[in-house]
Amino acid sequence: MSPTRPHPTVARRPPGNALSGLPLSVLDRSRDHLDALADALADARAGQRPGLVARTLSAALARAAGWIERTPPARHGDTPATHR
């Protein structure tokens, strides 16, 4: 499984990409589903609260993905020039 969103600070070579690939994929796909749910609720005019909850959860998952991206194991494998 590969992530569905860009992660520019993650290494492109092993072991960094292998260590971060699975957790980032799970987070990205969860965010994709939450964003689709929020869009569907907005289209159905189901009220703002359920859509807001979905967007808030998606933002929390984005912060978790950012934390994973910045861990040293996720960045291991590339040259220091690619690190931010």
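It should be noted that the structure appears before, not after, this text.
Residues numbered from 1 in each chain as written. Predicted model: local features only at pLDDT ≥ 70, side-chain atom pairs only at ≥ 80, totals over all residues. Heavy atoms only, no water.

Enquirer: How would you explain the overall build of the chain if you had to name every residue and give the values?
Expert: Along the backbone of the chain there are 3 helices and 0 strands. When the helices and strands of the chain are listed from N to C terminus, the series reads α-α-α. Going through the 84 residues of the chain one by one, you find that 32% of them count as buried. Restricting to contacts in the chain with at least 6 residues of sequence separation, those with at least 24 account for 65%. Here the chain displays about 5500 Å² of accessible surface, and carbon together with sulfur accounts for 63% of that area. (Helix = DSSP H or I, 4+ residues; strand = E, 2+ residues; numbered from the N terminus. Buried < 20%, exposed > 50% of the residue type's maximum accessible area, 1.4 Å probe, protein only. Contact = heavy atoms within 4.5 Å. Areas by Shrake-Rupley, 256 points an atom, 1.4 Å probe, with all protein chains shown as cover.)

Enquirer: With reference to specific residues and values, describe the environment of Arg5.
Expert: By secondary structure assignment, the location of Arg5 is in the segment before helix H1 (16–43). Leaving out residues up to four positions away in the same chain, Arg5 has contacts with Asp28, Arg31, Asp32 and Asp35. Polar contacts involving the side chain of Arg5 include one to the side chain of Asp35, which spans 2.8 Å. (Polar contact = N/O pair within 3.5 Å; in protein donor to acceptor, adjacent residues only side chain to side chain.)

Enquirer: Lay out helix H2 (residues 48–69) in plain terms, naming residues and giving numbers.
Expert: Given a rise of 1.5 Å per residue, 22 residues ought to cover 32 Å, and the 31 Å separating the end C-alpha atoms of H2 matches this to within 8%. For H2, the set of buried residues is Gly51, Ala54, Ser58, Ala65, Gly66, Ile68 and Glu69. Considered in projection along H2, the buried side chains sweep an arc of 155° and stay on one side of the axis. Exposed and facing more than 90 degrees away from the buried side of H2 are Gln48, Arg49, Leu52, Arg63 and Trp67. (Expected span 1.5 Å × (residues − 1). Arc of directions from axis to C-beta.)

Enquirer: Any details on the nonpolar core? Residues and values, ideally.
Expert: Within the largest apolar cluster, 5 residues are counted, these being Val10, Leu24, Leu27, Ala65 and Ile68. Each residue touching Ala65, except ones within four places of it in the same chain, is listed here: His7, Leu24 and Leu27. (Core = buried A, V, L, I, M, F, W, Y, C linked by side-chain atoms within 4.5 Å.)

Enquirer: I'd like a rundown of the packing of H1 against H2, residues and numbers included.
Expert: The interhelical angle for the contact between H1 and H2, taken along N-to-C directions, is 165°, at an axis separation of 9 Å. In terms of orientation, H1 lies roughly antiparallel with respect to H2. The two elements H1 and H2 meet at a crossing, and its hand is left-handed. On H2, the residues touching Ser20, Pro23, Leu24, Leu27, Ser30, Arg31, Leu34, Asp35, Leu37, Ala38, Asp39 and Leu41 of H1 are Pro50, Gly51, Ala54, Arg55, Leu57, Ser58, Leu61, Ala62, Ala64, Ala65, Ile68 and Glu69. (Axes fitted to C-alpha atoms, helices over the stretch in contact; angles between N-to-C directions. Parallel < 35°, antiparallel > 145°, perpendicular 65-115°, else oblique. Left-handed = near helix turned anticlockwise from the far one by under 90°.)

Enquirer: Please provide a residue-by-residue account of the pattern of salt bridges, values included.
Expert: Tallying each qualifying case throughout the model produces 4 salt bridges. Residue Arg5 pairs with Asp35 through a salt bridge whose shortest N-O separation is 2.8 Å. Of this pair, Arg5 sits in the segment before H1 while Asp35 sits in helix H1, placing them 30 residues apart in sequence. Between Arg55 and Asp39 there is a salt bridge; the shortest N-O distance is 2.3 Å. (Salt bridge = Lys/Arg side-chain N within 4 Å of Asp/Glu carboxyl O.)

Just distances and angles here, no functional claims.
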